[in-house]
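Structure at a glance
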Number of protein chains: 2
Amino acid sequence: MAQKPSIPKGTRDFSPIEMARRNYIFDTIKKAFKLFGYKQIETPAMENLSTLMGKYGEEGDKLLFKILNSGDFLKSVSDEEVAERSLPRLTNKICEKGLRYDLTVPFARFVVQHRNDLQMPFKRFQIQPVWRADRPQKGRYREFYQCDADVVGSDSLNNEIELLSLIDTVFADLGINIAIKVNNRKILSGIAETLGASDKIVDITVAIDKIDKIGIDNVNAELREKGLSEEAIEKLRPILEMSGSNEEKLSVMEGILKDSEEGMKGIAEMKEVLGGFETLGHKCVVEADLSLARGLNYYTGTIIEVKALDVAIGSITGGGRYDNLTGVFGMPGLSGVGISFGADRIYDVMNQLDLYPEEISESVRVMFVNFGKAEAMQSLKYVKALREAGIAAELYPDAAKLKKQMALADAEKIPFVAIVGDSELADGTIMLKNMVSGTQEKMGIDDVISTVA
Amino acid sequence: MAQKPSIPKGTRDFSPIEMARRNYIFDTIKKAFKLFGYKQIETPAMENLSTLMGKYGEEGDKLLFKILNSGDFLKSVSDEEVAERSLPRLTNKICEKGLRYDLTVPFARFVVQHRNDLQMPFKRFQIQPVWRADRPQKGRYREFYQCDADVVGSDSLNNEIELLSLIDTVFADLGINIAIKVNNRKILSGIAETLGASDKIVDITVAIDKIDKIGIDNVNAELREKGLSEEAIEKLRPILEMSGSNEEKLSVMEGILKDSEEGMKGIAEMKEVLGGFETLGHKCVVEADLSLARGLNYYTGTIIEVKALDVAIGSITGGGRYDNLTGVFGMPGLSGVGISFGADRIYDVMNQLDLYPEEISESVRVMFVNFGKAEAMQSLKYVKALREAGIAAELYPDAAKLKKQMALADAEKIPFVAIVGDSELADGTIMLKNMVSGTQEKMGIDDVISTVA
């Protein structure tokens with residue numbers, strides 16, 4: 001019993017100051033989601049394993065947290081099955097539920113389950129924790145939040161333009177300088193098609209991604225190893241060596257992809273998205289980046305990724321267009337596009353750059369010192385008046401030593417301390433001390449309210 | 001695949017309108033928590049089972065959701081143990097973690113784990129879901145939210161007075177008429193002591209609770225059955241027949257408990273708490289209720305319960321003083337007092353009485369109709385201006401039939417629809433339609449902003 005209790009590895013407690021900071025981030029994102037017309041939903045932490053299994057690949061199945069069935073979890077397991085110790089088979093028999101692994105699959109399940117109650121296009125946002133049995137390491141947790149916004153039931157590229165504006169708004173509000181990288185899956189397919197190597201799309205994308213790090217000769221050697229022909233490698237050269245503005249890049253691409261219908265469609269989509277976003281005006285950097293290939297097997301059009309410019313950290317937001325979100329649940333043909341803000345990485349960036357407004361770390365504006373029963377009761381009346389004026393206030397509950405009371409005010413960065421002692425009790429005043437400047441002044445409750453507000 | 005997906009029984013999805021309503025409740029409670037100086041913390045959904053087991057009684061242990069260990073969960077289980085099929089033993093070997101069952105035990109664990117970083121008295125609030133493998137039924141879920149506020153490290157009754165004020169504030173803000181029932185564990189102990197039946201405190205409390213339903217003769221018959229002496233039953237009679245104001249009740253009790261030190265202490269505490277609350281003024285009904293005995297084995301002083309006056313439903317908020325929250329984790333002697341708002345029942349009450357402000361069900365203030373590429377791009381510029389003025393706005397993403405676009409605005413109760421067609425595009429205006437009155441007027445974007453704001 002005397003051993004200090006702990007929490008499971010990869011999980012975290014959040015202290016008041018950490019909560020204030022995280023809430024600042026979540027509130028900023030949530031405010032933008034609402035300004036843009038996304039509507040909030042929530043889904044249960046537990047989903048049926050039949051909903052989750054097979055959706056995240058073999059590795060994902062292993063990383064799902066599974067919940068032991070209640071009651072006699074062995075009742076449908078025969079002695080032979082027990083003795084066999086086949087883990088997947090046993091798991092399947094003793095666990096029916098698992099913890100949410102991301103917000104996308106539960107959203108797809110939600111859309112299919114409630115299809116008759118939803119108006120399309122449906123713009124939803126969702127901010128909830130997810131759980132993964134990953135090996136915990138710096139910056140990677142077993143419980144973390146995702147903040148997703150998606151539109152389903154519309155294939156208009158206006159949705160992409162809106163999502164770019166949303167990203168721009170959120171990071172401008174947070175004060176983080178970013179570059180949004182944009183690509184299009186159809187361009188990647190077009191490149192592979194043009195090279196006569198549609199089966200090598202992954203290898204080609206990896207190569208494009210590595211060019212800055214290892215140089216063209218090493219990239220070409222790798223491509224040769226993967227079985228790409230010399231002709232294809234030669235054709236790819238201008239793409240690997242491409243530079244300049246987004247317009248210049250797209251114009252180079254147009255030349256190369258002119259015979260690929262899908263590739264040209266991708267370029268047209270990218271032009272419309274980037275063009276629309278330019279027309280509206282924005283604060284962030286936007287870059288057409290053909291090496292961007294996240295979720296290659298999943299996205300079918302626009303691909304989006306966000307990098308922080310002033311901190312070396314991975315992608316802090318990402319997303320894209322998918323044409324078959326709900327097909328796996330028996331509702332094919334529903335196109336969608338969405339993004340996911342990486343709350344934990346954004347938190348790391350905000351902490352590193354110290355971008356929080358000062359007032360968020362305050363607990364209350366005023367703390368009343370406690371000198372005993374009569375003074376405390378009078379103070380509680382003042383505290384009530386302050387709260388009715390919308391000002392957070394409190395009384396130190398015990399008539400403890402003044403030093404101890406002041407130490408609490410200090411530790412919690414409370415900007416004002418109010419003192420109601422004998423003389424103040426007698427003449428109906430309050431001694432208000434400004435904890436930053438150190439000055440103090442006697443005044444009535446109305447003046448306290450206007451001073452601290 | 002074609003089977004409609006579902007969620008585990010006892011869990012729920014929350015649609016946008018349900019979220020808006022729940023957020024309204026959570027935001028109201030959270031605002032009050034902050035006004036009163038409580039600071040938010042969060043703890044992980046998963047706790048070590050060693051933290052949770054044994055804290056909620058034998059039944060509670062069974063109702064904990066347990067999480068199967070990742071990887072080879074059978075690795076430390078011998079063939080004999082497998083064959084034995086002893087459920088508790090096996091559970092213990094294959095599961096190390098469980099889902100949070102309430103917010104109190106994780107809070108106690110938090111206080112002990114972070115004792116060196118916390119300033120006492122520590123006022124915390126916590127709003128998070130909890131999970132229980134209870135049999136689901138109407139109004140009882142396997143995943144539900146708790147909203148707790150507690151102060152630890154102070155035994156001042158000012159904390160109790162503050163908690164009553166907090167309850168009064170929250171329910172006044174929500175518009176729910178309530179009665180707060182207050183009791184004190186020490187009075188209950190005093191009664192049992194005075195009757196010479198300290199071991200029968202539970203039976204006596206149950207009897208007091210039943211008096212209104214079954215009458216004094218039946219109550220006395222039950223007490224006889226439980227082994228209470230005729231003398232004790234006679235002594236209890238004035239308590240059972242007690243009525244009148246809180247002052248009158250406490251004065252009757254004072255007469256009866258005059259020889260019980262603990263009982264008199266309980267009365268003194270209750271007088272101070274109710275007296276202080278009266279002095280401050282409040283909107284709710286407050287009632288000294290000696291039948292109140294929730295958490296009898298847990299609370300050591302004040303006991304609080306809240307009933308809605310206009311809806312027949314169980315307690316919607318409850319709490320009390322406990323003198324040994326953290327003892328089980330090796331940190332004895334820390335007194336605390338707290339309350340828990342029952343979000344799901346409050347939600348039921350709010351729905352039944354339809355107490356939500358109308359504007360919370362809005363998605364955006366203005367939706368722009370989409371007539372094609374050029375109009376849409378101009379509309380997006382207006383949408384941007386509206387958002388920069390803090391007004392939620394959106395463009396219907398597709399150039400769909402007007403009827404379909406208007407149907408969405410209707411379904412989502414969007415109060416204004418903005419139309420940018422050929423003529424508006426030409427003269428730089430917007431046709432703004434008020435969806436409630438049905439009137440429409442042509443104006444510039446600045447007038448749109450001031451009209452819909």
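These lines cover the structure that appears in this document, whether it is placed above or below.

On to the relation of the copies chain B and chain A. With an RMSD of 0.1 Å, chain B superimposes on chain A once it is rotated by 180 degrees and translated 0.0 Å along the axis. Expressed as an axis order, the relation between the two copies is that of a two-fold axis. In terms of proximity to the rotation axis, the leading residue of chain B is B:I67, whose C-alpha is 2.3 Å off the axis. Most of the interface of chain B is mirrored in chain A, where 100% of its interface residues are also at the interface.

So, about the nonpolar core. Ranked by size, the top nonpolar core spans 215 residues in total, and within it A:I94 and B:I94 carry the most contacts. In this structure, A:I94 is in contact with A:I67, A:L68, A:N69, A:F73, A:L74, A:V77, B:L68, B:F73 and B:I94, ignoring residues within four places of it in sequence.

Before going further, it helps to examine the environment of B:T451. Residues and elements named next belong to chain B. With respect to the secondary-structure elements, T451 resides in helix 17 (residues 445–452). For T451, a relative accessible area of 38% translates into the label partly exposed. Each C-alpha atom of the pair T451 and D102 lies 47 Å from the other, and the pair is 349 residues apart in sequence. When neighbours within four sequence positions are excluded, T451 is seen to be in contact with F416, L432 and M443.

Before going further, it helps to examine the pairing of strand 14 (residues 416–419) of chain A. Residue and element names in this part refer to chain A. Neither face of strand 14 is open: one carries F416 and A418, the other V417 and I419, and all of them are buried. Where strand 12 (residues 366–368) and strand 14 come together, 3 bridges link them in parallel fashion. When the sheet's bridge partners are listed, M367 is paired in strand 14 with V417. Here strand 14 pairs with strand 15 (residues 430–434) via 4 bridges, running antiparallel. Paired with A418 across the strands is L432, a residue of strand 15.

Evaluated as defined, the whole model comprises 56 salt bridges over all chains. In this structure, A:K373 and B:E272 form a salt bridge, with 3.1 Å as the shortest nitrogen-oxygen distance. Of this pair, A:K373 sits in helix 14 (residues 373–388) while B:E272 sits in helix 12 (residues 261–280), each in a different chain. Of the residues examined, A:K373 reaches a relative accessible area of 62% and is grouped as exposed. By relative accessible area, which is 28% here, B:E272 ends up partly exposed. The partner of B:K384 in a salt bridge is B:E388, and the shortest N-O contact between them spans 3.8 Å. Here B:K384 pairs with B:E388, and both are found in helix 14 (residues 373–388), just 4 residues apart, close to one helical turn. Judged by its relative accessible area of 59%, B:E388 is exposed.

All names here are of chain B. With 16 residues, helix 14 ought to run about 22 Å at 1.5 Å a step, and its terminal C-alpha atoms sit 23 Å apart, in line with that. For helix 14, every residue scored as buried is listed here: E375, A376, M377, S379, L380, Y382, V383, L386 and R387. A positive backbone phi angle near 80 degrees is found at G390, which sits one or two residues after helix 14.

With that out of the way, let us pick up the interface of chain B and chain A. Many analyses report the size of an interface as the accessible area lost when the parts associate. With 109 residues of chain B at the interface, the matching set in chain A holds 109 residues. Counting the surface lost from both chain B and chain A, the interface buries some 9100 Å², and carbon and sulfur atoms represent 60% of this. The interface formed by chain B and chain A contains 12 salt bridges. Along the contact surface separating chain B from chain A lie 46 residue pairs in polar contact (both at pLDDT 80 or more). When residues in the side of chain B that touches chain A are grouped by element, the largest group, 7 residues, is from helix 14 of chain B. For the side of chain B that touches chain A, a count of residues per class yields 51 nonpolar, 30 polar and 28 charged.

Residue and element names in this part refer to chain B. Strand order in the open sheet formed by 8 strands is 1-5-6-11-10-9-7-8, with mixed pairing between adjacent strands. Among the strands making up the open sheet, the edge pair consists of strand 1 (39–40) and strand 8 (285–288). The sheet contact formed by strand 5 (residues 122–131) and strand 6 (residues 143–152) spans 10 bridges and is antiparallel. Each residue of the ladder has a partner; that of Q128, found in strand 6, is Q146. Sitting on the sheet, helix 7 (residues 158–174) is in contact with strand 5, strand 6, strand 7 (178–184), strand 9 (302–308), strand 10 (317–322) and strand 11 (336–341), with an inclination near 15 degrees to strand 11.

Now for the packing of helix 14 of chain A against helix 12 of chain B. Between helix 14 of chain A and helix 12 of chain B, the least distance of the axes is 10 Å, while the angle of their chain directions is 45 degrees. When the axis of helix 14 of chain A is compared with that of helix 12 of chain B, the two are oblique. Helix 12 of chain B is crossed by helix 14 of chain A, and the crossing has right-handed handedness. The residues of helix 12 of chain B that touch helix 14 of chain A, namely those facing A:K373, A:M377, A:L380, A:K381 and A:K384, are B:E272, B:G276, B:T279 and B:L280. When the residues that make up the contact of helix 14 of chain A with helix 12 of chain B are grouped by side-chain class, the tally is 3 nonpolar, 2 polar and 4 charged.

What follows deals with the pairing of strand 10 of chain B. Residue and element names in this part refer to chain B. With 6 of its 6 residues buried, strand 10 lies for the most part within the structure. Covered by surrounding structure in strand 10 are T317, G319 and R321 together with G318, G320 and Y322, the residues of both alternating faces. Note: strand 9 against strand 10, 4 bridges, orientation antiparallel. What sits directly across from E305, in strand 10, is G318. Bridge count between strand 10 and strand 11: 6 bridges; the pairing is antiparallel. In the strand pairing of strand 11, G319 is matched with I339.

Looking now at the sheet that holds strand 9 (residues 302–308) of chain A. Residue and element names in this part refer to chain A. The sheet built from 8 strands is open, its strands ordered 1-5-6-11-10-9-7-8 with mixed pairing. Here the strands that pair on one side only, and so sit at the sheet edges, are strand 1 (39–40) and strand 8 (285–288). The strands that helix 8 (residues 185–194) touches are strand 7 (178–184) and strand 9; relative to strand 7, the one it contacts most, it runs at about 50 degrees. Strands strand 6 (143–152), strand 9, strand 10 (317–322) and strand 11 (336–341) of the sheet are contacted by helix 13 (residues 343–353), whose axis makes an angle of about 115 degrees with strand 6.

The next thing to look at is the packing of helix 1 (residues 16–35) of chain A against helix 13 of chain A. All names here are of chain A. Interaxial distance between helix 1 and helix 13 falls to 10 Å at its minimum, and their mutual angle equals 115 degrees. Where helix 1 crosses over helix 13, the handedness of that crossing is right-handed. Between helix 1 and helix 13, the residues in contact are E18, R21, R22, Y24, I25, F26 and I29 and A343, D344, I346, Y347, M350 and N351, respectively. Taken together, the residues of the contact of helix 1 with helix 13 sort by class into 8 nonpolar, 1 polar and 4 charged.

Right, let's get into the state of the cysteines. Considering all chains together, one arrives at 0 disulfides over all chains under this definition. In this model A:C95 remains outside any disulfide bridge; the closest cysteine sulfur is found in B:C95, 7.2 Å from its own.

Rules used throughout
Residues numbered from 1 in each chain as written. Chains lettered and ligands numbered in written order. Predicted model: local features only at pLDDT ≥ 70, side-chain atom pairs only at ≥ 80, totals over all residues. Heavy atoms only, no water. Least-squares fit on C-alpha atoms with pLDDT ≥ 70 in both. Contact = heavy atoms within 4.5 Å. Core = buried A, V, L, I, M, F, W, Y, C linked by side-chain atoms within 4.5 Å. Buried < 20%, exposed > 50% of the residue type's maximum accessible area, 1.4 Å probe, protein only. Helix = DSSP H or I, 4+ residues; strand = E, 2+ residues; numbered from the N terminus. Pairing = 2+ DSSP bridges. Salt bridge = Lys/Arg side-chain N within 4 Å of Asp/Glu carboxyl O. Expected span 1.5 Å × (residues − 1). Buried area = accessible area lost by both parts, 1.4 Å probe. Polar contact = N/O pair within 3.5 Å; in protein donor to acceptor, adjacent residues only side chain to side chain. Nonpolar A, V, L, I, M, F, W, Y, C, P; charged D, E, K, R; others polar. Axes fitted to C-alpha atoms, helices over the stretch in contact; angles between N-to-C directions. Parallel < 35°, antiparallel > 145°, perpendicular 65-115°, else oblique. Left-handed = near helix turned anticlockwise from the far one by under 90°. Disulfide = S-S within 2.5 Å.

Such coordinate-based values are descriptive only and should not be taken to indicate function.
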